[in-house]
Every structure is written in C-alpha cells, then in structure tokens.
Amino acid sequence: MEQALEKRYNKWIVVLSVAIPVVVAILFGVNLRDLGYDVKPLTFLPPIYATINGVTAVLLVWAVAAIRRGNRRLHETLVKICIGCSVAFLVMYVAYHMTAESTPYGGQGTIRYVYFFILITHILLSIIIIPFVLVTYVRGLSGNFAKHRKLAKVTFPLWLYVAVTGVVVYLMISPYYG
C-alpha cells in the first residue's frame, strides 16, 4: 500500500517541483501594466504574505510539537494548513509582482550583503523545499512513517528557514517600498 501510493504521487511531485518554480519565474517577469492592462498595483499584499510566512513558521513549530506529543491528527491538520499557507503566499507574491514594480533594496554597507545573502538563500531553498515537502507529506499520508520521519528531519528546518527568512526579507525591504 505504502509504495503503491507513493509511486502514484511521484510523477505529480516531479511535475510540481519543476513546474512551480518555472511558472513563478515566468510570471515574475510579466508585469500586467506593461502589457497594457489597467490594473492597480497590489501594494497591500507584501505585509499580508509576510504575515502568512510568519504564521507558517509558527504552525510548523506547532506541528512538530504536536507529533512529539503523539497528536498525529493535529500534526496532519497543521501541516495541511502550512501547505495551504505556502500556496496562498505564492499566489499573492506572484500577483504582487505582476502588478507592481520591483522594489530595489536601499540599504548600504554590510547590511546590503546580509540582505542579499538572506534573499538568495531564501529563494534557492524555497525552490528546493518543494519536493521535500511533497515527498514528506506523501510518505506521511501513505503511512510510511519511518521514511516520513527521516525526511521530515531535513524538511522541517529547511521549510522553517524559508518561512522565517520570508519575514526577514520583508522587514528588511519594507522601508524602501514606494
């Protein structure tokens, strides 16, 4: 049962792990206003999607605490909410960048290097985390708890880093929003 379910989802995991970053990269380069569409910049979105990242971080920690207390049902619910939050973040992030101009970071000196290090690692790990989250989730769903636990030990800190650094990036760039 475990392997059959996992095998059935593997193709979708590969497709999503490739398609999501590619589609986001393409859409990131599309500005609807530049294409002649009369859309207002969705400038209200960055604090919302940064908050969603913060909520995701809190829920991830709560999910780990729940499973350590043996509450599998709560753990599963929280992980599903985290996945939903990540999808909501992604939709809002793309919508913002399709309607507004990118904001350049205005910090100078060492803090500029810190910002770009955090931003680049956040972006790279947000791509890398996709298959980790999906495979970890499917292993839990299929009841393959030994493999789920083993992979979750890698997935959790990576996903937590992406969620937390999403908030940090927002806090560092927010003074430069127009």
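Summary of the structure given here. (Residues numbered from 1 in each chain as written. Predicted model: local features only at pLDDT ≥ 70, side-chain atom pairs only at ≥ 80, totals over all residues. Heavy atoms only, no water.)

Some thoughts on the overall build of the protein
- Looking only at helices and strands, one finds five helices and zero strands in the protein.
- The N-to-C order of helical and strand elements in the protein reads α-α-α-α-α.
- Projected onto its principal axes, the C-alpha coordinates of the protein cover approximately 50 × 35 × 25 Å.
- Contacts spanning at least 24 positions in sequence make up 78% of the contacts within the protein whose residues lie at least 6 apart.
- Element-wise, carbon and sulfur atoms account for 70% of the exposed surface of the protein, whose accessible area totals about 10,800 Å². (Helix = DSSP H or I, 4+ residues; strand = E, 2+ residues; numbered from the N terminus. Contact = heavy atoms within 4.5 Å. Areas by Shrake-Rupley, 256 points an atom, 1.4 Å probe, with all protein chains shown as cover.)

So, the nonpolar core
- One finds Y49 and W159 to be the most contacted residues of the largest nonpolar core, which totals 18 residues.
- Elements supplying a minimum of two residues to this core: α2 (45-68), α3 (72-99) and α4 (110-141).
- Apart from the residues lying within four places of it in its own chain, the contact partners of W159 are T56, L60, V79, C82, I83, S86, I129 and V133. (Core = buried A, V, L, I, M, F, W, Y, C linked by side-chain atoms within 4.5 Å. Buried < 20%, exposed > 50% of the residue type's maximum accessible area, 1.4 Å probe, protein only.)

Comments concerning the environment of Y115
- Relative to the helices and strands, Y115 is located in helix α4.
- For the pair Y115 and L5, spaced 110 residues apart in sequence, the C-alpha separation works out to 41 Å.
- Sequence-distant contacts of Y115, that is, excluding residues within four places in its chain, are made with Y105, V169, M172 and I173.

Re the environment of H75
- Along the polypeptide, H75 turns up in helix α3.
- Its relative accessible area of 14% is what places H75 among the buried residues.
- For the pair H75 and A25, spaced 50 residues apart in the sequence, the C-alpha separation amounts to 32 Å.
- Leaving out residues up to four positions away in the same chain, H75 has contacts with A63, V64, A66, I67 and H148.

Remarks on the packing of aromatic side chains
- Under the counting rule described, the total for this entry stands at 11 aromatic pairs.
- With centroids separated by 6.2 Å and ring planes inclined at 80 degrees, the aromatic side chains of Y96 and Y177 adopt a geometry described as edge-to-face. With a gap of 81 residues between them, Y96 in helix α3 and Y177 in the segment after α5 (145-173) connect regions that are remote in the sequence.
- Between the aromatic rings of Y115 and F116, the centroid separation amounts to 5.1 Å while the plane-to-plane angle is 75 degrees, which identifies the pairing as edge-to-face.
- Exposure remark for F116: the relative accessible area of 31% places this residue in the partly exposed category. (Phe/Tyr/Trp six-rings, centres within 6.5 Å; stacked < 30°, edge-to-face > 60°.)

Comments concerning the packing of α4 against α5
- Between α4 and α5, whose axes approach to 7 Å, the crossing angle comes to 150 degrees. Considered as vectors, α4 and α5 are oriented roughly antiparallel to each other. For the pair α4 and α5, the sense of crossing is left-handed.
- Of the residues that constitute the contact of α4 with α5, the class distribution is 23 nonpolar, nine polar and two charged. (Axes fitted to C-alpha atoms, helices over the stretch in contact; angles between N-to-C directions. Parallel < 35°, antiparallel > 145°, perpendicular 65-115°, else oblique. Left-handed = near helix turned anticlockwise from the far one by under 90°. Nonpolar A, V, L, I, M, F, W, Y, C, P; charged D, E, K, R; others polar.)

Re the pattern of salt bridges
- Tallied over the full model, the rule gives one salt bridge.
- Among the salt bridges present, the one from E76 reaches K80, with a minimum N-O distance of 3.2 Å. Remark: K80 and E76 occur in helix α3; sequence separation between them is four residues, near one turn of the helix.
- Judged by relative accessible area, which is 33%, E76 ranks as partly exposed. (Salt bridge = Lys/Arg side-chain N within 4 Å of Asp/Glu carboxyl O.)

Here we look at the state of the cysteines
- All chains considered together, the criterion is met by zero disulfides.
- Lacking any disulfide linkage, C82 is separated from the closest cysteine sulfur, that of C85, by 6.2 Å.
- For C82, a relative accessible area of 0% gives the class buried. (Disulfide = S-S within 2.5 Å.)

What is shown is where atoms sit, not what they do.
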